Amino acid sequence: MISELSQVLESLDLPADWVGLRAVKEAVDIRRVRDGLPQRNGKSTSAGVMVEVLVNGQIGYSATNSFQAASIKAAAALAYQQALAASQWAIYPLTTAQRPKVVGEYCSPFLKPFDALTPGDINQVLVRLCDTLNVSDRIVQTNAMAIANETDSWFVSSNGSEVYQRFLLLETHFGATAQDGAIVQQRSNNGYLAHSYQGGWELFPDANLWNRARQVGEQAIELLTAEECPTTATTLLLAPDQMMLQIHESVGHPLELDRILGDERNYAGGSFVKPSDFGQLSYGSKLMNITFDPTVEGEFASYRFDDIGTPATREYLIQEGVLQRGLGSLESQARMGVDGVACARASSWNRPPIDRMANLNLEPGTDSWQDMIGDVEHGVYMEANRSWSIDDRRYKFQFGCEYAKLIENGQVTKTLRNPNYRGTTPEFWHRLVKVGDRSTWEIYGTPYCGKGEPNQAIRVGHGSPVCAFENVEVFGGGA
Amino acid sequence: MKPEELAKQEATFNQLTTALLAELKADEQLTIELSGEHSQFVRFNTARVRQTGDITDGQVQLTLMHNQRSSFREFPFVGNWEIDWPEAQAALADLRQEVPQLPSDPYLVLPTGNASSRDVYSGQLLAPEAVAAAVLTDVSGLDFTGIYGGGASIRAYADSAGQRHWFATETFALDYSLFATDGQAVKGTFAGSHWDQSAYGAKLADSKLQLERLATSPKFIPKGQYRTYLAPAAIAELVSMFSWGGVSEAALQQGSSALGLLQRGEKLLSPHFSLTENFGRGLVPRFNELGEVAPLKLPLIADRKLVNTLVSSRTAKEYSKTANGANSSESLRSPDLSPGTLAAAEILNALDTGLYLSNLHYLNWSDRPTGRVTGMTRYACFWVENGEIVAPIENLRFDETIYRCFGDNLLLLTDFQEFIPEVGTYSQRNLGGMWMPGAIVADFTYTL
């Protein structure tokens, strides 16, 4: 593909300052079962070429789902016209410094390729999962899903870039709904599609899968008779499967430079973070260390280069509670004059790259699980996100979880249902009083981070230990 | 898209359909769906162009059904027989390999109808190179941000039962915000099929007037319960939640709907709250993934009760219900909430003292079985005293049940509806929108 794209690139006759061609082929295999019966089986292939052309400081783009040379050349001409027409209205004069030359390859780690299991094999696993989840006649629904995604990306440019990246992405999910009259409770395997990783079928099914499925079904039943989460201000412990959401919404999004620059204000929103905050804002307690790290093997949003060719490196965004740098591409870094990361990412061939999270992780601390709960007189431990909402500046949030435990006098006691909590971002992160050690660390991911105009849903990964926050407002459900 | 390009797309799809159906064996069934677009996007920030480009995309999905089993293949459609036919042949061959491996599906629904339709709506859109000037000239000096998306969209369907549908339309949507220096903002949408520069100017003038109201410093409102006016765009956000574990019959049957209490008669809504699926305006296709055509109007909530749910053929088969042309996700496609009696000029007087909310943001169920939803206020939202706007507010979080705000606490609905265009563009430019009135509700609950 690189040579075919290079040939088209060489054949272009445009008075442009720079041209880039990014081809993507994404093959997605989806298998979904409900109550042991097939719901959806099939494969989807999306493929096309995104042409970017830089003219007079403005980039225009044109994307086509045809790989014919004539179609790509026509797209290049359209992109050139787009850039030229808009250049007098350009928000910032871009240069080739924002499209550096880069050469290299990346491939996701994997042991068992996606053709190692047949559609029949996968359906068998999913049906058995539903059967295992169905632990009681009060289970009214079981579901299981596996999505295997193979994405190839090729990038060539007029200043000599040649990049090939191949991603193997596996997303799995299962859960159960229990009902007793008007009481309905759902429990899943760490939240919807939270088991999203890079790798092959070695990840699924794993050795613990059936025990975990039985536990999920049993916990759904357990929630039917559990007490409501109390309404109080208390110590809140969050499991890694909820920390994923907490980091994503209240750290990742507000640190995106394009939000701070105002690009996103009409849709996803802006940010409470100001350009002058970098290097000095106390974002949270000294225990808070957040890294942008696309180099973690197997984490969902790992890569070697972003979609404009910036080499990916691990960087601290927040170190000992102090804001260091933003989630901004070379374009945003130039516009704002602050440090960023390799995060110009597009959801596919048919969307332009914008500032995105990739893997955003909270680094482990020093406390074991027992250390974390040992001196908690009263607290609530919550697992697995089920509800999320935050304002357009990423300040006031309210999150809900599937399952919780009461902590009393250093011991985990009763199960609690409908656990929710709310707060404001900097105040909440300053209440971080304990960070679990590596033994409490878990990695999850999601394919559904949405932003951008036109809209884009992209993959992100988040690793975190268990964390404890003091004096947080928690509450239960009900009208 | 030029008319000749659109005609070529249709001809190629028809050719593909005919050829695929000719390949079918007697015991096989096939559905063929096409979704395509040629769209222009221009993104704005601070009344400048941030990004500009166009996208040509098309995808065909084949679903093969055989021996009570089914699977699908989706692949790019470029409107060129030489390219598309080999893809389609390969997909069909692949499906024939896979389908026998799959478990039997007792609720598989085969295409059986005899519906056909052809709707083509042409528009008069801005030329790509003219968008920036047309949009930005009148907002010079303002902090204007947003996106223009416009172009041709295609939705088409064919199946082995002989059904055929073709829907093509040219539309645009400009979704924008005007910001004041302190971060307060006014939201606007300007959408249709014919760009009218003077109508855009009038829309902008209205937005600029609203922006002037934001000139005073925002007022902090403590959490609590307040009488509240929800403008049509805010109502649209709340009604959108009915598509997510709401009016779906499958969601109700499987315990994941917020309307279970309403269906069981344990809760009632206000007699003023009448929600209908209304396809009468022709903005979205009426056919679904099985080629079935929805009724022109389907009342969903009326006389305080859930009078109909959205029932797909699959759900109907599983739960012994009657299908009503719903799509497979049983979501709202053309919702219409009936207006009431409150005139626009009387809104502030009727509100008296309370909150005037233009928009809501980032809604989610906070306790779905009880119909509780949380979200944020956004854009031009004001504190009103004695029928007069006092000041814009700092954004508030609400956490309230639909049974309260659309039940006994629903006091008045406006006597007008606004069209709230669907401006989503995740996999493609969405079509259609919602027709919603504004509403005054008592004791709307704010928590943060």
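As a reminder, the structure under discussion sits directly above these lines.
Criteria and cut-off values
Counting starts from 1 at the beginning of each chain's written sequence and moves along it residue by residue. Both sets of labels track the order of writing: A upward for chains, 1 upward for ligands. Per-residue local features are limited, in this predicted model, to residues with pLDDT of at least 70; the limit for side-chain atom pairs, both in listing and counting, is 80 or more; totals at the level of whole chains, interfaces and linings are taken over all residues. Working from all heavy atoms in the structure, the side-chain values ignore hydrogens and water. Put simply, DSSP marks the helices as runs of H or I at least four residues long and the strands as runs of E at least two long, and each gets a number from the N terminus on. With C-alpha atoms as the basis for the radius of gyration, the globule rule is written as 2.2 Å multiplied by the number of residues raised to the power 0.38. Type-normalised accessible area, obtained with a 1.4 Å probe on protein chains alone, sets the label of each residue: buried when under 20%, exposed when over 50%, and partly exposed for intermediate values. Any two residues whose heavy atoms approach within 4.5 Å at even a single point are treated as in contact. For the area figures, the Shrake-Rupley method with a 1.4 Å probe applies, and any residue is considered shielded solely by the protein chains shown. For the purpose of counting charges, residues Lys and Arg are taken to be positive, whereas Asp and Glu are taken to be negative. His and the chain ends are not included. Where a charge lies is defined by one atom per residue type: Lys uses NZ, Arg uses CZ, Asp uses CG and Glu uses CD. Buried area: the accessible surface (1.4 Å probe) lost by two parts on joining, summed over both. Pairs of N or O atoms are called polar contacts if they sit within 3.5 Å, as long as, within protein, a hydrogen donor faces a hydrogen acceptor (for residues adjacent in sequence, only side-chain-to-side-chain pairs). Put simply, Ala, Val, Leu, Ile, Met, Phe, Trp, Tyr, Cys and Pro go in the nonpolar bin, Asp, Glu, Lys and Arg in the charged bin, and everything else, Gly too, in the polar bin. Being paired, for any two strands, means DSSP has found at least two bridges between them. In this description, a line fitted to the C-alpha atoms serves as the axis of each element, helices being fitted only across the stretch in contact, and the angle between N-to-C directions of two axes falls anywhere from 0 to 180 degrees. Any angle that is under 35 degrees is reported as roughly parallel, and any over 145 degrees as roughly antiparallel; angles of 65 to 115 degrees are reported as roughly perpendicular and all others as oblique. Handedness of a helix crossing follows the sense of rotation of the near helix relative to the far helix, less than a right angle counterclockwise being left-handed and clockwise being right-handed.

1. Comments concerning the overall build of chain A
Regarding its fold elements, chain A presents nine helices and 24 strands. Relative to its length of 479 residues, chain A is compact, with a C-alpha radius of gyration of 24 Å against a globular reference of 23 Å. Seen through its principal axes, chain A has C-alpha atoms that stretch 70 × 55 × 40 Å. Of all 479 residues assigned to chain A, the portion counted as buried reaches 66%. Of all intrachain contacts in chain A linking residues separated by at least 6 positions in sequence, the fraction that spans at least 24 positions is 76%. About 15,700 Å² of surface is accessible on chain A, with carbon and sulfur atoms providing 47% of the total. Taking the average place of the 41 positive charges on the side chains of chain A and the average place of its 57 negative ones, the gap between the two points comes to 3 Å.

2. Notes on the interface of chain A and chain B
Opposite the 90 residues of chain A that make contact, chain B presents 90 residues. Of the roughly 7,200 Å² buried between chain A and chain B on both sides combined, carbon and sulfur atoms contribute 45%. Linking chain A to chain B there are 64 residue pairs in polar contact (both at pLDDT 80 or more). Of all the elements, strand β2 (residues 37-55) of chain A adds the most residues to the side of chain A that touches chain B, at 11 residues. Within the side of chain A that touches chain B, the residues separate by chemical class into 31 nonpolar, 39 polar and 20 charged.

3. Examining the sheet that holds strand β16 (residues 360-362) of chain A
Residues and elements named next belong to chain A. Strands sit in the order β13-β12-β11-β16 across an open sheet of four strands; the sheet is antiparallel. With one partner strand each, in any of the chains shown, β13 (322-323) and β16 form the two edges of the open sheet. Taken together, the three bridges between strand β11 (residues 290-292) and β16 define a ladder with antiparallel strand orientation. Bridge pairing links I290 to L362 in β16.

4. Focus: the packing of helix α1 (residues 2-11) of chain A against helix α2 (residues 69-86) of chain A
Residues and elements named next belong to chain A. Close contact between α1 and α2 brings their axes to 10 Å; oriented N to C, the two are set at 50°. It follows from the interaxial angle that α1 and α2 lie oblique. Remark: the crossing between α1 and α2 carries right-handed chirality. Between α1, through L5, V8 and S11, and α2, the contact on the second element is made entirely by A69, I72 and K73. In terms of residue class, the contact of α1 with α2 is made up of four nonpolar, one polar and one charged.

5. Concerning the environment of A83 of chain A
Residue and element names in this part refer to chain A. Among the secondary structure elements, A83 is positioned in helix α2. You can call A83 buried: its relative accessible area is 0%. On a C-alpha basis, the gap between A83 and G269 in space is 26 Å, while along the polypeptide they are 186 residues apart. Non-local contacts of A83, meaning those with residues more than four positions away in its chain, are made with V53, V55, Q58, I59 and G60.

6. A look at the side chain of R43 of chain B
Mapped onto the elements of the fold, R43 of chain B is located in strand β1 (residues 28-45). At 3.2 Å, the side chain of R43 of chain B and the backbone oxygen of D263 of chain A are in polar contact. A polar atom in the side chain of R43 of chain B sits 2.8 Å from the side chain of E264 of chain A. Apart from the residues within four sequence positions on either side, R43 of chain B is in contact with D263, E264, I354, G452 and E453 of chain A together with R48, V49, R50, Q51, G146 and I147 of chain B.

7. Overview of the pairing of strand β6 (residues 162-180) of chain A
Residues and elements named next belong to chain A. When you tally the buried positions in β6, you get 14 out of 19 residues, the bulk of the element. Summarising the sheet, strand β4 (residues 103-107) and β6 pair through five bridges and their orientation is parallel. When the sheet's bridge partners are listed, E105 is paired in β6 with Y164. Sheet topology note: the strand β5 (residues 139-157)/β6 ladder contains 17 bridges and is antiparallel. Across the sheet, the residue bridging to V156 is E162, located in β6. Where β5 folds back on β6, the antiparallel hairpin that results is connected by four residues, among which G160 adopts a positive phi of roughly 95°. The pairing of β6 with strand β8 (residues 195-198) spans four bridges and is antiparallel. In the strand pairing of β8, L169 is matched with Q198. Bridge analysis of β6 against strand β7 (residues 183-188) gives six bridges, and the strand direction is antiparallel. When the bridges of β7 are listed, D180 appears paired with I183. Between β6 and β7, which follow one another and run antiparallel, lie two residues, and G181 among them has a positive phi close to 65°.

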